[in-house]
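Coordinate analysis (summary)
Chain by chain, the residues:
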Protein chains: 2
Amino acid sequence: MGPGPSCIHDKVYAALSRKTIGHLDPYFIRIMDVIKADLRTLLKTENTLTIPMSGTGSSGMEACFVNLVEIGDPVLILINGVFGMRMQDVAQRLGAEVDSLEFKWGTPVLLDAVKEKIEKKHYKIVAVVHAETSTGVRNPVAEIGELLKGSDAIYLVDAVTSFGGMEIAMDEWGIDALYSGTQKCLSCPPGLAPLSFSEKAVAALENRKSKVPNWYLDLSMIMQYWKGATRAYHHTAPINMHYGLYQALKLILEEGPDNVYRRHMDNHEQLVQGLEALGLAMLVTPDARLPMLNSVKVPEGVDEAAVRSTLLKDYKIEIGAGLGPLSGKIWRIGLMGHTARPENVERLLGALKTILP
Amino acid sequence: MGPGPSCIHDKVYAALSRKTIGHLDPYFIRIMDVIKADLRTLLKTENTLTIPMSGTGSSGMEACFVNLVEIGDPVLILINGVFGMRMQDVAQRLGAEVDSLEFKWGTPVLLDAVKEKIEKKHYKIVAVVHAETSTGVRNPVAEIGELLKGSDAIYLVDAVTSFGGMEIAMDEWGIDALYSGTQKCLSCPPGLAPLSFSEKAVAALENRKSKVPNWYLDLSMIMQYWKGATRAYHHTAPINMHYGLYQALKLILEEGPDNVYRRHMDNHEQLVQGLEALGLAMLVTPDARLPMLNSVKVPEGVDEAAVRSTLLKDYKIEIGAGLGPLSGKIWRIGLMGHTARPENVERLLGALKTILP
């Protein structure tokens, strides 16, 4: 029940340990094709370039920026937590000219500020985190997409924690580049980073003046392995991780994406009620709260690390600590994917009731 | 029996599907520490920075170069196959001034040529592939290390296919930076890249003038997660892949590394004898042959793709095709890790006997 990795269904564990076959085996290529199709369904996109990258969620962030940024490109990053900060660091290392718009941690990105900024200056990329795992804040991704409509900026969204736990309508919201990770609401072990590029993003990649300065994540080569009749070897895909992702996507589609999102919301509401009944307060206002990542204020005088340690040792429950300016001030309770079940919420609430003074 | 991924022991599959725990869980940190120690034992090194990177073998290549290269650095790459070419591409994308020394594919790197080259010019990095998976050639890694002793060049070795299948004595041979992959002779699914940096390589990293232009693979941050009493979160480690690697390393240590290397050599000799009895010829001369990757010349008039396809469809045996200039001219037969067993060699020889005209 931490900020990920989340709990995993037995069927996904079983898939993970199926026999490893070759990355050019026709049977594996069929699995790849199903994964692409299922990712597109869940992201509500028609994007051809919709594939998992061979690394964890952060490699998805790296992949988006390194494929799209050339030295000197103006980039705007909307920051209200650790992962916005990380985007800034990634883009700066690649030589982008980064402007940032910062908002108080625990509050969402404000649309008026974004509007003002993008009216003043043209950006090649505007980037935001959908679900800020470090604070529990949901940013207004659809609304920012609305502001950007008609502009030629590439709209880049971090969906690491949101994907699989709340609706994402990539095409409708005008998102051009998106990455996620498998270990949050997709309920698969960490190790792959689903990524999707719109035609606009692919055109930006194809029109680069310089080679992508990262061979391993160069999508112009990787897409030759993921499409067409003949698959060009680039690097050996993490075969068994793909088995896991295949099964995890099937589980979400079988339950029905809308039912899955509703389950996340129901469990979140049950958790918040229980926490408030224990006298605890949430960090984020109700309108901006994430269902899958719940930030709870640590009460005055409570040793937050001791509570986490007791939960882990005596109750086998992991919850997360605060990061950066919120370190020591909040706990982060994950209700991601297979973790989002009433029995987990009850078990945690029962344990907290016993532990807290 | 292709060029990897190799066959995998049931105990490794079982480890892969053990319950996913958090990347900061004290139990997982113990697993990390055992993996580091076992990698050091197998590589015969004392290097503190000896860890698996969160990507496949090619991410290990990317990681070595991106952490060590700054723009304009002179780099010498010894090339006699696909993976030497890949090193050149990786280093050039990072802005290195790359000189290369090319040798005919299917023959090893020649020491005299290397000696001449490094006497003429000072290089920051000299890089070579130990086991060239594209040709089946073993390069003289110990001997090149001998040539470089006393120089301040960083000696960088690709051990993707050699590690776990033949001796590597990193410290004795003077290797400063080394990477591998899990899916070859370690007999684990693809997804991690063991990497080791000597003190000299770490010093080069620490003395960089510029930040590492790749956040995901920046070892200066990643090492803070892998060492010391408090582990600083960088990215979420691929937990289950580490379970697999832990078990795979244990299997090699239990059998005894020297016994494992002997088993690779025995099976290789059995295979070569059998192939020659079928009238087939090896590409590489005996002194430079790899035990784990056997390149066999396709006889005149034989449709090489049809043979591979029949092997896969009717016998469930995968073997590899030739790459680059060797495309259509050779088959590549892997005897890596758990694949290197007499019953596999016999099964393949039996199938080839039936299929070949």
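Residues numbered from 1 in each chain as written. Chains lettered and ligands numbered in written order. Predicted model: local features only at pLDDT ≥ 70, side-chain atom pairs only at ≥ 80, totals over all residues. Heavy atoms only, no water.

1. Thoughts on the overall build of chain A
The following threshold applies: Counting from the N terminus, the helices are the DSSP runs of H or I reaching at least four residues and the strands are the DSSP runs of E reaching at least two. It is over C-alpha atoms that the radius of gyration is taken, and the globule rule equals 2.2 Å times the number of residues to the power 0.38. Throughout this description, buried means an accessible area under 20% of the type-specific maximum (1.4 Å probe, protein chains only), exposed means over 50%, and partly exposed covers the range between. Only heavy atoms matter for contacts: two residues are in contact if any of them lie within 4.5 Å across the pair. Only the protein chains shown count as cover for residues, and the accessible areas themselves come from Shrake-Rupley with a 1.4 Å probe. When charges are counted, neither His nor the chain ends are considered; positive counts come from Lys and Arg and negative counts from Asp and Glu. Think of each charge as sitting on NZ of Lys, CZ of Arg, CG of Asp or CD of Glu.
Along chain A, the regular secondary structure elements total twelve helices and twelve strands. Over its C-alpha trace chain A gives a radius of gyration of 20 Å, about what one expects of a compact globule, namely 21 Å for 357 residues. C-alpha extents for chain A along the principal axes are approximately 60 × 55 × 30 Å. In chain A, which comprises 357 residues, the proportion classed as buried is 62%. Counting only contacts in chain A whose residues sit at least 6 apart along the sequence, the fraction spanning at least 24 positions is 72%. Accessible area of chain A: about 13,000 Å², with a carbon and sulfur share of 52%. Put simply, chain A has 37 plus and 41 minus side-chain charges, and the middle of one group is 4 Å from the middle of the other.

2. Digging into the environment of V128(B)
Inspection of the secondary structure assignment puts V128(B) in strand β4 (residues 125-129). Along the sequence, V128(B) and F83(B) sit 45 residues apart, while their C-alpha atoms lie 8.9 Å from each other.

3. A closer look at the UniProt feature "domain: Aminotransferase class V" (unreviewed entry) in chain A
For clarity, the threshold we go by: UniProt positions are given in the numbering used here, feature names are shortened, and annotations may be inferred rather than shown by experiment.
Under the UniProt annotation, "domain: Aminotransferase class V" (unreviewed entry) lies at residues 13-323 of chain A. Spanning residues 13-323 of chain A, this segment combines 42% helix with 15% strand, and its end C-alpha atoms are found 30 Å apart.

4. A closer look at the pattern of salt bridges
Rules: Every case where a carboxyl oxygen of Asp or Glu lies within 4 Å of a side-chain nitrogen of Lys or Arg is listed as a salt bridge.
According to the stated counting rule, one finds 36 salt bridges over all chains in the structure shown. Residues K44(A) and E167(A) are paired through a salt bridge, measuring 2.8 Å at the closest nitrogen-oxygen approach. Placement of the pair is K44(A) in the loop between α2 (26-43) and β1 (49-53) and E167(A) in the loop between β7 (154-158) and β8 (177-179), with a sequence separation of 123 residues. You can call K44(A) partly exposed: its relative accessible area is 41%. Relative accessible area serves as the criterion here: at 35%, E167(A) is assigned to the partly exposed category. The network of salt bridges with common partners includes D89(A), R93(A), K211(B) and D218(B).

5. Here's the deal with the interface of chain B and chain A
Bring the parts together and some accessible area is lost; that lost area is often taken as the interface size. Worth spelling out the cut-off: Buried area is understood as the total, over both parts, of accessible area removed when two parts are fitted together, assessed with a 1.4 Å probe. Distance and chemistry together define a polar contact, namely a pair of N or O atoms within 3.5 Å, with one atom able to donate a hydrogen and the other to accept it when in protein, and with adjacent residues in sequence counting only for side-chain atoms on both sides.
The interface of chain B with chain A comprises 50 residues on the first partner and 50 residues on the second. Area buried by chain B at its contact with chain A is led by Y13(B), R93(B) and W215(B), which between them contribute 20% of it. Connecting chain B to chain A are six salt bridges. Ionic pairing is found between D89(B) and K211(A), a salt bridge with its closest N-O pair at 3.3 Å. If you look at where chain B meets chain A, you find 21 residue pairs in polar contact (both at pLDDT 80 or more). Breaking the side of chain B that touches chain A down by element, the ones donating at least two residues are α1 (10-16), α3 (57-68), α4 (82-93) and α9 (239-255) of chain B. Among the elements that line the side of chain B that touches chain A, the one with the most residues is α4(B), at five residues.

6. Concerning helix α10 (residues 257-277) of chain A
Residues and elements named next belong to chain A. Heads up, the rule is: The span one expects for a helix is its residue count, reduced by one, times 1.5 Å. Summarising the geometry, the arc corresponds to the directions from the helix axis toward the C-beta atoms.
With 21 residues, α10 ought to run about 30 Å at 1.5 Å a step, and its terminal C-alpha atoms sit 30 Å apart, in line with that. Those residues of α10 that fall on the buried side of the exposure criterion are V260, Y261, H264, N267, H268, L271, V272, G274 and L275. Down the axis, α10 shows its buried residues gathered within 165° of arc, on one side only. Residues of α10 that are exposed and point over 90 degrees away from its buried face: D258, Q273 and A277. Downstream of α10 by a residue or two, G279 has a phi angle that is positive, lying close to 85°.

7. Quick look at the packing of aromatic side chains
How two aromatic rings sit relative to each other is set out by the distance from centre to centre and by the angle between their planes. Here is the rule we go by: Between the rings of Phe, Tyr and Trp (Trp by its six-membered ring), a pair exists once the centres lie within 6.5 Å; its type follows the angle of the planes, with under 30 degrees stacked, over 60 edge-to-face, and the other angles tilted. Only when the NZ atom of a Lys or the CZ atom of an Arg is both within 6 Å of the ring centre and within 35 degrees of the ring normal do we say a charge sits over the ring.
Evaluation of the coordinates by the stated rule reveals two aromatic pairs over all chains. Both rings, one in Y225(B) and one in W226(B), keep their centres 6.1 Å apart while their planes meet at 80°; by these two values the pair is edge-to-face. The residues Y225(B) and W226(B) share a single accessibility class, namely buried. Just above the ring of Y246(A) sits the side chain of K250(A); from NZ or CZ to the centre is 5.5 Å.

8. Observations concerning the side chain of R289(A)
Residue and element names in this part refer to chain A. With respect to the helices and strands, R289 occurs in the loop between α10 and β10 (293-297). No salt bridge is formed by the buried R289; the nearest opposite charge belongs to E276, separated by 4.3 Å. Looking at R289, its side chain comes within polar contact range of the main-chain oxygen of V284, at 2.8 Å.

9. Thoughts on helix α2 (residues 26-43) of chain B
All names here are of chain B. With 18 residues, α2 should reach 26 Å at 1.5 Å per residue; the first-to-last C-alpha distance of 26 Å fits that figure. The set of residues buried in α2 consists of F28, I29, I31, M32, I35, K36, D38, L39, L42 and L43. Those residues of α2 that are buried lie in contact with β1 (49-53), β8 (177-179), β9 (193-197), α8 (219-226), α9 and α10 (257-277). Once α2 ends, the next one or two residues include K44, with phi positive near 50°.

10. As for the relation of the copies chain B and chain A
How we decide: Alignment of the copies relies on least squares applied to C-alpha atoms, considering only residues that score at least 70 for pLDDT in both.
Expressed as a screw operation, the relation of chain B to chain A combines 0.0 Å of axial shift with a rotation of 180°, fitting to an RMSD of 0.0 Å. One copy is carried onto the other by what is essentially a two-fold rotation axis. For chain B, the smallest separation between a C-alpha atom and the rotation axis is recorded for G55(B), amounting to 2.5 Å.

11. Quick word on the domain arrangement of chain A
Residues and elements named next belong to chain A. The criterion, for reference: A domain assignment, automatic or from a database, supplies the domain bounds used here. Lys, Arg, Asp and Glu make up the charged group, whereas Ala, Val, Leu, Ile, Met, Phe, Trp, Tyr, Cys and Pro make up the nonpolar group; the residues left over, Gly among them, are polar.
Looking at the assigned domains, one finds that chain A contains domain 1 (10-254) and domain 2 (257-355). Using only C-alpha atoms to locate each centre, domain 1 and domain 2 end up separated by 27 Å. Each partner contributes to the interface: domain 1 provides 24 residues, whereas domain 2 provides 23 residues. A buried area of about 1,900 Å², summed over both sides, lies between domain 1 and domain 2, and 67% of it is on carbon and sulfur atoms. Ranking the residues of domain 1 by area buried against domain 2 places W105, G136 and R138 at the top, with a combined share of 23%. Between domain 1 and domain 2 we count zero salt bridges in total. Put simply, domain 1 and domain 2 have six residue pairs in polar contact (both at pLDDT 80 or more) between them. Breaking the side of domain 1 that touches domain 2 down by element, the ones donating at least two residues are β5 (131-132), β6 (137-138) and α9 (239-255). The residue makeup of the side of domain 1 that touches domain 2, split by class, is ten nonpolar, ten polar and four charged.

12. Some points on the nonpolar core
For clarity, the cut-off: Here, nonpolar core refers to any group of buried Ala, Val, Leu, Ile, Met, Phe, Trp, Tyr and Cys residues whose side-chain atoms link them within 4.5 Å.
Of all hydrophobic cores here, the largest spans 197 residues; its most connected members are F65(A), F197(A), F65(B) and F197(B). Apart from the residues within four sequence positions on either side, F65(A) is in contact with V75(A), I77(A), M87(A), V90(A), A91(A), L94(A), A127(A) and L156(A).

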